[in-house]
Amino acid sequence: VQLQASGGGLVQAGGSLRLSCAASAASGSIFSFNGMGWYRQPPGKQRQFVAGLSKGGITNYADSVKGRFTISRDNAKNTLFLQMNSLKPEDTAVYYCLADRESHNYWGQGTQVTVSS
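Residues numbered from 1 in each chain as written. Predicted model: local features only at pLDDT ≥ 70, side-chain atom pairs only at ≥ 80, totals over all residues. Heavy atoms only, no water.

Participant: I would appreciate a short explanation of the overall build of the protein chain in the present structure.
Facilitator: From N to C terminus, the protein chain includes zero helices and 11 strands. Starting at the N terminus and ending at the C terminus, the protein chain contains elements arranged as β-β-β-β-β-β-β-β-β-β-β. Relative to a compact globule of 117 residues, whose C-alpha radius of gyration would be 13 Å, the protein chain shows 13 Å and is just as compact. Along the first, second and third principal axes, the C-alpha atoms of the protein chain reach 40 × 25 × 25 Å. (Helix = DSSP H or I, 4+ residues; strand = E, 2+ residues; numbered from the N terminus. Rg over C-alpha atoms; globule rule 2.2 N^0.38 Å.)

Participant: Would you mind showing me how to read the environment of methionine 84 here?
Facilitator: Inspection of the secondary structure puts methionine 84 in strand β8 (residues 79–84). For the pair formed by methionine 84 and serine 16, sequence separation is 68 residues and the distance between their alpha carbons is 5.4 Å. Beyond its immediate sequence surroundings of up to four residues, methionine 84 is in contact with Gly15, Ser16, Leu17, Leu19, Arg68, Phe69, Tyr95 and Val113. (Contact = heavy atoms within 4.5 Å.)

Participant: Explain the pairing of strand β11 (residues 111–116) to me, please; I cannot follow it from the model alone.
Facilitator: Residues in a regular strand project their side chains so that they alternate between the two faces of the sheet. Alternating residues of β11 divide into Thr111, Val113 and Val115, all buried, and Gln112, Thr114 and Ser116, none buried. As paired elements, strand β2 (residues 9–12) and β11 share four bridges and run parallel to each other. Counted as the bridge partner of glycine 9 is valine 113 from β11. In the sheet, strand β9 (residues 93–101) pairs with β11 via three bridges, with the strands oriented antiparallel. (Buried < 20%, exposed > 50% of the residue type's maximum accessible area, 1.4 Å probe, protein only. Pairing = 2+ DSSP bridges.)

Participant: Explain the environment of lysine 77 here, please?
Facilitator: Following the sequence through the fold, lysine 77 ends up in the loop between β7 (69–74) and β8. Of the residues examined, lysine 77 reaches a relative accessible area of 57% and is grouped as exposed. Remark: the alpha-carbon pair of lysine 77 and isoleucine 30, spanning 47 residues in sequence, is separated by 9.3 Å.

Participant: What am I meant to see in the side chain of serine 27 here?
Facilitator: Here serine 27 is to be found in the loop between β3 (17–23) and β4 (35–41). Discounting residues that sit within four places of it in the chain, serine 27 has contacts with Val1, Gln2, Phe33 and Arg101.

Participant: For this particular structure, what's the right way to read the nonpolar core?
Facilitator: Across soluble globular proteins, you tend to see nonpolar side chains buried next to one another. Counting residues in each nonpolar core, the largest one holds 29 residues, and the members touching the most others are Trp38, Leu82, Met84 and Tyr95. Taken together, the elements giving at least two residues each to this core come down to β1 (3–6), β3, β4, β5 (48–54), β7, β8, β9 and β11. (Core = buried A, V, L, I, M, F, W, Y, C linked by side-chain atoms within 4.5 Å.)

Participant: When you look at the sheet that holds β3 in this model, what are you seeing that I'm missing?
Facilitator: What holds strands together in a sheet is hydrogen bonding between their backbones, with the strands either parallel or antiparallel. The four strands lie next to each other as β1-β3-β8-β7, forming an open sheet whose pairing is antiparallel. Edge positions in the sheet fall to β1 and β7, since each of these pairs with one other strand and no more. Each strand of the sheet is rotated relative to its neighbour by a mean of 15°, with strand direction disregarded. When β1 meets β3, the two strands line up antiparallel, connected through four bridges. Following the sheet pairing, serine 6 is matched in β3 by serine 20. (Axes fitted to C-alpha atoms, helices over the stretch in contact; angles between N-to-C directions.)

Participant: Help me understand the packing of aromatic side chains, please; the structure alone is not making it clear to me.
Facilitator: Within a pair of aromatic rings, the relevant descriptors are the distance that separates the centres and the angle that separates the planes. As enumerated under the stated definition, the model contains three aromatic pairs in all. With centroids separated by 6.4 Å and ring planes inclined at 90°, the aromatic side chains of tyrosine 96 and tryptophan 107 adopt a geometry described as edge-to-face. A residue pair is termed long-range when its members are at least 10 positions apart, and tyrosine 96 in strand β9 and tryptophan 107 in strand β10 (residues 104–107) qualify at 11 residues. An aromatic cluster of three or more residues is present, and its members are Tyr39, Phe49, Tyr96 and Trp107. In this structure, arginine 18 is placed above the aromatic ring of phenylalanine 81, and the distance from its NZ or CZ to the ring centre is 4.1 Å. Just above the ring of tryptophan 107 sits the side chain of arginine 47; from NZ or CZ to the centre is 4.6 Å. (Phe/Tyr/Trp six-rings, centres within 6.5 Å; stacked < 30°, edge-to-face > 60°. Lys NZ or Arg CZ within 6 Å of the ring centre and 35° of its normal.)

Here it is as structure tokens:
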């Protein structure tokens, strides 16, 4: 499975960004994956869970992003998204997408999100 994350950047507090995670055609359809998700690693901290989307479409979020972030997928585009609204400086991190296919986890490369105050 090959995952390509994009959409990061520099934004002011209160702003929005949308991250994308595209799976290559050779990876198979993301609809067939057990689940996908987003994680982030703030500077000097460990990687932490942000949002998840199960094969059946059930979503779950870290408490810190509930009500502000939305995870979704477009099966036709074979792409996972993370819509991030009302961004805060503490959301600054490298964001990674994850795919669970046949109980194996695959990570995309990170995309940097920086939120200025």
